[in-house]
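# Close look at the chain arrangement
Single-letter residue listing:
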Amino acid sequence: MSRTTRLSSSLLRAAAITGIAALSLTACGSGSGSGSASAGSGEVKVGLITKTDTNPFFVKMKEGAQEAAKTEGVKLMTAAGKFDGDNAGQVTAIENMVAAGVKGILITPSDSKAIVPAIEKAKAKGVLVIALDTPTEPQSAVDALFATDNLKAGELIGEYAKAAMKGKTAKIAALDLAPGVSVGIQRHDGFLKGFGATDKDVACAQDTGGDQAKGQTAMENCLQKEPDINVVYTINEPAALGAYTALKAKGREKDVLIVSVDGGCTGTQAVKDGKIAATSQQYPLKMAAEGVKAVVAFAKDGKKASGYTDTGVTLITDKAQDGVTSKDTAYGLENCWG
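A brief look at the structure comes next. (Residues numbered from 1 in each chain as written. Predicted model: local features only at pLDDT ≥ 70, side-chain atom pairs only at ≥ 80, totals over all residues. Heavy atoms only, no water.)

## Let's talk about the overall build of the protein chain
Which entries qualify depends on this criterion: Per the convention used, a helix needs a DSSP run of H or I reaching at least four residues, while a strand needs a run of E reaching at least two, with both numbered from the N terminus. The cut-offs for exposure are 20% and 50% of the maximum accessible area for each residue type, with area from a 1.4 Å probe on protein chains only; residues under the lower value are buried, those over the upper are exposed, and the others partly exposed. In short, Shrake-Rupley with a 1.4 Å probe defines the accessible areas, and a residue's cover is counted only from the protein chains shown.
Scanning the protein chain for helices and strands turns up 11 helices and 12 strands. Per-residue burial for the protein chain yields a buried fraction of 52% across its 338 residues. Of the roughly 14900 Å² that the protein chain leaves accessible, carbon and sulfur atoms contribute 50%.

Listed below in structure tokens is the structure:
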């Protein structure tokens with residue numbers, strides 16, 4: 001969380017007008033705009049708050065917002081958490097942006113429930129709030145949601161894994177995200193639905209936080225518990241690559257099917273290299289670009305975006321299966337992020 005030296009109240013007010021874009025959990029930058037940077041100039045300001053500023057997914061999301069802000073001639077303010085789950089930092093970022101006069105805020109909530117009161121305060125001040133990637137709980141706490149259909153993303157890799165197994169008995173390991181996180185729950189449930197399985201059919205389930213090292217440890221634990229695992233569902237590609245490392249150490253990398261979600265460039269390359277069988281690719285750049293456009297439309301005519309906008313998901317694999325729609329890694333690498 002940013003700290004500001006205690007100055008006189010007048011200096012703080014001046015800082016709020018001219019420099020509040022610099023206040024965030026770790027850093028807060030601004031995109032170029034066509035109007036004056038001074039308060040009261042009529043310039044439209046758009047805020048983007050991501051979970052972190054290091055995850056390639058959110059880096060690409062920021063790039064999409066910056067490009068859209070440049071095209072639309074508006075000013076972009078950005079903030080990011082110090083870590084995934086930094087709700088307090090996101091609350092501070094919302095407060096800073098509202099004080100700076102943003103017309104709308106785009107946010108990927110670190111805590112879908114705990115962030116709601118801060119969002120409600122922003123909306124009460126006339127700020128349009130749109131969730132990107134991760135829905136709030138309830139989803140209606142924001143004006144709109146632009147995101148991947150994570151249930152569908154999970155279903156796609158579940159259907160693929162089922163087809164790829166070609167009737168063989170599956171022993172499934174689920175390398176999940178963390179308890180209570182909606183994105184992780186939706187992807188997990190979608191995979192099971194697509195595979196035609198239930199949690200009772202999962203031989204081993206471990207949380208990874210979406211981290212590669214934790215994914216490796218989780219896979220090692222699962223192999224110790226159930227050495228005959230032959231299907232691995234992972235919350236994202238870092239976890240998948242961790243699983244691959246653990247399997248390779250046991251000489252099992254050739255006979256275990258790994259499927260995942262995200263579509264980052266590293267993960268898509270891993271599909272091409274045969275480390276991951278298939279992944280569901282999502283599009284963070286599109287989420288952010290559409291969000292910026294929605295705020296600009298609101299600023300122009302007062303019309304609020306509403307409901308859920310599906311920003312798309314595509315199954316990427318070089319080993320297509322009958323009855324499962326997919327595209328190859330050439331397409332995936334052209335449209336990947338990170």
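Right, picking up where we left off after that structure.
## Thoughts on the pattern of salt bridges
Stated precisely, the cut-off is as follows: For salt bridges, the criterion is a side-chain nitrogen of Lys or Arg within 4 Å of an Asp or Glu carboxyl oxygen.
On inspection of all chains with the given rule, the structure shows eight salt bridges. A salt bridge links D143 to K304, with the shortest nitrogen-to-oxygen separation between them at 3.9 Å. Taken together, the residues span a long stretch of sequence, with D143 in the loop between β4 (128-132) and β5 (144-147) and K304 in the loop between α10 (284-301) and β11 (307-310) at a distance of 161 residues. Two residues, K193 and E155, come together in a salt bridge whose shortest N-O distance is 3.6 Å. Note that K193 is positioned in helix α6 (residues 182-195) and E155 in helix α5 (residues 150-165), a separation of 38 residues in sequence. What makes E155 buried here is its relative accessible area of 18%.

## Quick word on the sheet that holds strand β10 (residues 278-282)
Convention followed: Any two strands are treated as partners once DSSP identifies two or more bridges connecting them. In this analysis an axis means a line fitted to C-alpha atoms, helices contributing only their contacting stretch, and an angle means the value between N-to-C directions, from 0 to 180 degrees.
Strands sit in the order β7-β6-β8-β9-β10-β12 across an open sheet of six strands; the sheet is mixed. Only two strands of the sheet have a single partner each, and these edge strands are β7 (202-207) and β12 (313-316). Taking each pair of neighbouring strands and ignoring which way they run, the sheet shows an average axis angle of 15 degrees.

## Let's talk about the nonpolar core
Threshold: Only buried residues count toward a nonpolar core. Its members are Ala, Val, Leu, Ile, Met, Phe, Trp, Tyr and Cys residues joined through side-chain atoms within 4.5 Å. Pairs of residues are marked as contacts when any of their non-hydrogen atoms sit within 4.5 Å.
Y160, F191 and V259 are the most contacted members of the largest nonpolar core, which totals 27 residues. Counting residues per element, the ones that place at least two in this core are α5, β6 (172-176), α6, β8 (231-234), β9 (257-262) and β12. For this core, the element with the highest residue contribution is α5, accounting for seven residues. Non-local contacts of V259, meaning those with residues more than four positions away in its chain, are made with I157, Y160, A161, F191, V232, Y233, T234, I276 and A278.

## Observations concerning unusual backbone geometry
Cis geometry is adopted by the peptide bond preceding P138, which originates at E137 and carries an omega value of 5 degrees. Of note, the phi angle at D133 is positive, near 70 degrees, even though the residue is not glycine. Of note in this structure, D262 is not a glycine but carries a positive phi near 150 degrees. Structurally, D262 can be placed in strand β9.

## Describing helix α2 (residues 56-72)
Using the following cut-off: Helix span is expected to be 1.5 Å times the residue number reduced by one. A 3.5 Å cut-off defines polar contacts: any pair of N or O atoms within that distance qualifies, except that in protein one atom must be a possible hydrogen donor and the other a possible acceptor, and neighbouring residues in sequence count only when both atoms are side-chain atoms.
For α2, which comprises 17 residues, the first-to-last C-alpha distance of 24 Å matches the rise-based estimate of 24 Å (1.5 Å per residue) to within 8%. When α2 is considered as a whole, its buried residues turn out to be F57, F58, K60, M61, G64, A65, A68 and A69. N-capping of α2 is provided by N55, with a side-chain oxygen placed 2.8 Å from the backbone N of F57. G73 occupies a position one or two residues after α2 and carries a positive phi of about 70 degrees.

## Focus: helix α9 (residues 265-272)
Keep this limit in mind: Here the arc refers to the set of directions running from the helix axis out to each C-beta atom.
Within α9 the residues assigned to the buried category are G267, T268, A270 and V271. Along the axis of α9, the buried residues cluster in a sector spanning 155 degrees; they form a single face. Here the buried face of α9 lies against α8 (237-249), β10, β12 and α11 (329-334).

## Examining the state of the cysteines
Filter applied, for reference: Throughout, a disulfide means two cysteine sulfur atoms within 2.5 Å of one another.
Following the criterion strictly, the structure yields two disulfides and no others. Disulfide partner of C204: C222, at an S-S distance of 2.1 Å. Where C204 bonds to C222 through sulfur, the torsion about that S-S bond is close to -75 degrees, and the disulfide is left-handed. A residue pair is termed long-range when its members are at least 10 positions apart, and C204 in strand β7 and C222 in helix α7 (residues 212-225) qualify at 18 residues. According to the relative accessible area criterion, C204 is buried, its value standing at 2%. What makes C222 buried here is its relative accessible area of 0%. Across the protein chain, the disulfide pattern expressed with sequentially numbered bonded cysteines is 1-2, 3-4.

## Here's the deal with the packing of aromatic side chains
Cut-off, in case you're wondering: Two aromatic rings from Phe, Tyr or Trp, using only the six-membered ring of Trp, form a pair when their centres are within 6.5 Å; if the ring planes differ by under 30 degrees the pair is stacked, by over 60 it is edge-to-face, and anything between is tilted.
Taken as a whole and assessed by the stated rule, the structure comprises four aromatic pairs. With centroids separated by 5.0 Å and ring planes inclined at 85 degrees, the aromatic side chains of F57 and W337 adopt a geometry described as edge-to-face. Here the residue F57 occupies a position in helix α2, and W337 occupies one in the segment after α11, the gap between them amounting to 280 residues. Measuring from ring centre to ring centre gives 5.1 Å for F191 and Y233, while their planes differ by 25 degrees; the resulting arrangement is stacked.

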